[in-house]
Amino acid sequence: MTEKWNITLRVSRQKDTENQHFDDFKMEVNPDEYVLDAVERVWAFMDRTLCYRHACHHSTCGACGMRVNGVEKLTCITPIRAVTSNGATLKVEPLRNFPVVSDLAVDMGAFYRKMEVVSARAVLPITEAEIENPATNWPQNDAQFLRLSDCLECGLCISACPVAATSPEYLGPAPLAAAQDVGIHRNPELLGIVDCEDGVWRCHSAFECTAVCPSFVDPARRIMALRTQVIGAKLGKLFGKA
Amino acid sequence: MNNQPSANKFWAWFNPMGRQVGGWAFILNRITALGLTFYLFLHLIVLNQLAQGPAAYGGFIALTENPIVKLGELLVVAAAIMHGLNGIRIIFTSFGIGVTRQKELFYGFMVVALVAILFFAARMYMG
Ligand code: HEM
Ligand code: SF4
Ligand code: FES
């Protein structure tokens, strides 16, 4: 028999010019369902006006990011069991640092534009991917095979970053990680884009991006690696071998 | 959208809700940094007054026996130790050293900080 929990889903609501407020929805769930399933149940059976984003339901599209009990989660892969208990209240809110369009849906336009500015790769040769087995293990003639890049462009890292919270012009974790992935050696124009006050040097090492990233990006590590790339490229220029 | 400062943004830096270890370390670093900077100004003002002559100096030494001033001094020492050690962690990780172990580095440095603070507290109050 499947386990049943009774929870209260406390959902952030905000339409047009309204101030943020919360609506409570009591429901029975299987704790092995995901947070997104509970949100969908509200829309399906209780309130058709609830607005939220999702598509794939399997951690690929990056659309379902929300704050669950205050912390950024990809809701389609966050089991209810992992974030609450039987009889408790589960709070869902829209991502921080993005304008709210309606309820749980935010406008990620500015973020996507920054991914374009650094010419983020959607796919990359498998030989260049940093995956659990080191990339160097791939036979070089496998370079014809492409792989989706790790970043889902879900925006969780931007939402969690305390620097992005106060400096909207800051490129932010995912775009900087994407720049590191492309590499200044492959695209020298990136140097000017990331070596500036709203680029790689604005990071204050809070490591919140890596703490919330649902994929294998580890943006904090990549930001630091990008700094090394920047210093390398500038030293290279200084000694005339660029 | 721009980088203009505002009071809301200032307070947002110190909100610990929905943050994790690295974020709390960032908040601690910023609070101690501002505290130390404030103390630096205080210190310069007091030093300036000490230069007014022996009477002012004597009055100041008497002040250091005040328990509240003494606690304040301990807070300054604690802030300097925590900020300095955390600063070393940030310098390491900025050079790519221990980035994936930043949490453990923070815990480790804070244990060292606690021991050092207790050591200074013992010297101030019992020595
Ligand atoms: C033990 C020596 C110290 C070390 C190793 C150190 C290290 C650091 C580092 C690495 C940062 C950058 C943090 C970030 O990126 O957010 C920083 C920030 C700062 N430090 Fe220090 N520091 C030291 C002593 C001091 C002292 C004595 C003061 C004040 C009198 C001070 C004031 C500040 C201020 C105001 C900031 C900016 C804080 C922020 O941006 O959040 N530091 N420190
Ligand atoms: S770096 Fe991680 S958290 Fe940020 S957008 Fe990409 S997948 Fe999401
Ligand atoms: S719905 Fe696509 S990532 Fe969650």
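Just so we're clear, the structure is a prediction, and the values are computed from it rather than from any experiment.

Concerning the domain arrangement of chain A
Residue and element names in this part refer to chain A. Here chain A is partitioned into domain 1 (5-106) and domain 2 (109-238). Centre-to-centre, using C-alpha coordinates, domain 1 lies 28 Å away from domain 2. Contacts between the two partners involve 16 residues from domain 1, matched on the other side by 15 residues from domain 2. Between domain 1 and domain 2 lies a buried interface of about 1100 Å² when both sides are counted; carbon and sulfur atoms form 61% of it. Contact with domain 2 buries area across many residues of domain 1, yet Glu72, Asn97 and Phe98 alone supply 46% of it, more than any other trio. Taken together, the links from domain 1 to domain 2 amount to 0 salt bridges. If one sorts the elements of the side of domain 1 that touches domain 2 by residue count, strand β4 (residues 71-74) sits on top with 4 residues. Along the lines of polarity and charge, the residues of the side of domain 1 that touches domain 2 split into 6 nonpolar, 5 polar and 5 charged.

Re the interface of chain A and chain B
Counting residues at the interface gives 28 residues for chain A, matched by 21 residues for chain B. Together chain A and chain B conceal approximately 2100 Å² of surface at their shared face, both sides included; 56% is due to carbon and sulfur atoms. There are 0 salt bridges connecting chain A and chain B. Where chain A packs against chain B, one counts 8 residue pairs in polar contact (both at pLDDT 80 or more). For the side of chain A that touches chain B, the elements supplying multiple residues, two or more each, are β4, α5 (162-166), α8 (208-212) and α9 (219-238) of chain A. When residues in the side of chain A that touches chain B are grouped by element, the largest group, 4 residues, is from α9 of chain A. Of the residues contributing to the side of chain A that touches chain B, the split by class is 13 nonpolar, 5 polar and 10 charged.

Looking at the coordination of the iron atom of ligand 1
Of all protein atoms, just one serves as a donor to the iron atom of ligand 1, and that atom is His83 of chain B (NE2), at 2.0 Å. Of note, histidine 83 of chain B is situated in helix α4 (residues 67-94).

Some points on the pattern of salt bridges
Residues and elements named next belong to chain A. Applying the stated criterion across every chain yields a total of 20 salt bridges over all chains. A salt bridge links arginine 121 to aspartate 181; the shortest N-O distance between them is 3.1 Å. Residue arginine 121 is located in the loop between α3 (109-117) and β8 (123-125), and its partner aspartate 181 is located in helix α6 (residues 173-182); the two are separated by 60 residues in the primary sequence. The buried category is assigned to arginine 121, whose relative accessible area is 18%.

Let's talk about the sheet that holds strand β5 (residues 89-93) of chain A
Residue and element names in this part refer to chain A. Spatial ordering of the open sheet is given by β2-β1-β5-β3-β4, a layout of 5 strands whose pairing is mixed. Because the sheet does not close on itself, it has two edges, and the strands there are β2 (21-29) and β4. The mean inter-strand angle of the sheet, taken between neighbouring strand axes irrespective of direction, is 35 degrees. Sheet topology places strand β3 (residues 65-68) next to β4; 4 bridges connect them, and they run antiparallel.

Quick word on α9 of chain A
Between its first and last C-alpha atoms α9 of chain A spans 28 Å; for 20 residues at 1.5 Å apiece the expected length is 28 Å, and the two agree. Taken together, the buried positions of α9 of chain A are occupied by Pro219, Ala220, Arg222, Ile223, Met224, Leu226, Arg227, Val230 and Gly236 of chain A. In this structure, the buried residues of α9 of chain A make contact with α4 (156-160), α6, α7 (190-194) and α8 of chain A together with α4 of chain B. Positive backbone phi, approximately 65 degrees, marks glycine 240 of chain A, located one or two places after α9 of chain A.

Conventions adopted
- Residues numbered from 1 in each chain as written.
- Chains lettered and ligands numbered in written order.
- Predicted model: local features only at pLDDT ≥ 70, side-chain atom pairs only at ≥ 80, totals over all residues.
- Heavy atoms only, no water.
- Domains from an automatic or database assignment.
- Contact = heavy atoms within 4.5 Å.
- Buried area = accessible area lost by both parts, 1.4 Å probe.
- Salt bridge = Lys/Arg side-chain N within 4 Å of Asp/Glu carboxyl O.
- Helix = DSSP H or I, 4+ residues; strand = E, 2+ residues; numbered from the N terminus.
- Nonpolar A, V, L, I, M, F, W, Y, C, P; charged D, E, K, R; others polar.
- Polar contact = N/O pair within 3.5 Å; in protein donor to acceptor, adjacent residues only side chain to side chain.
- Donors = N, O, S within 2.8 Å, 3.2 Å for Na, K, Ca; no water.
- Buried < 20%, exposed > 50% of the residue type's maximum accessible area, 1.4 Å probe, protein only.
- Pairing = 2+ DSSP bridges.
- Axes fitted to C-alpha atoms, helices over the stretch in contact; angles between N-to-C directions.
- Expected span 1.5 Å × (residues − 1).

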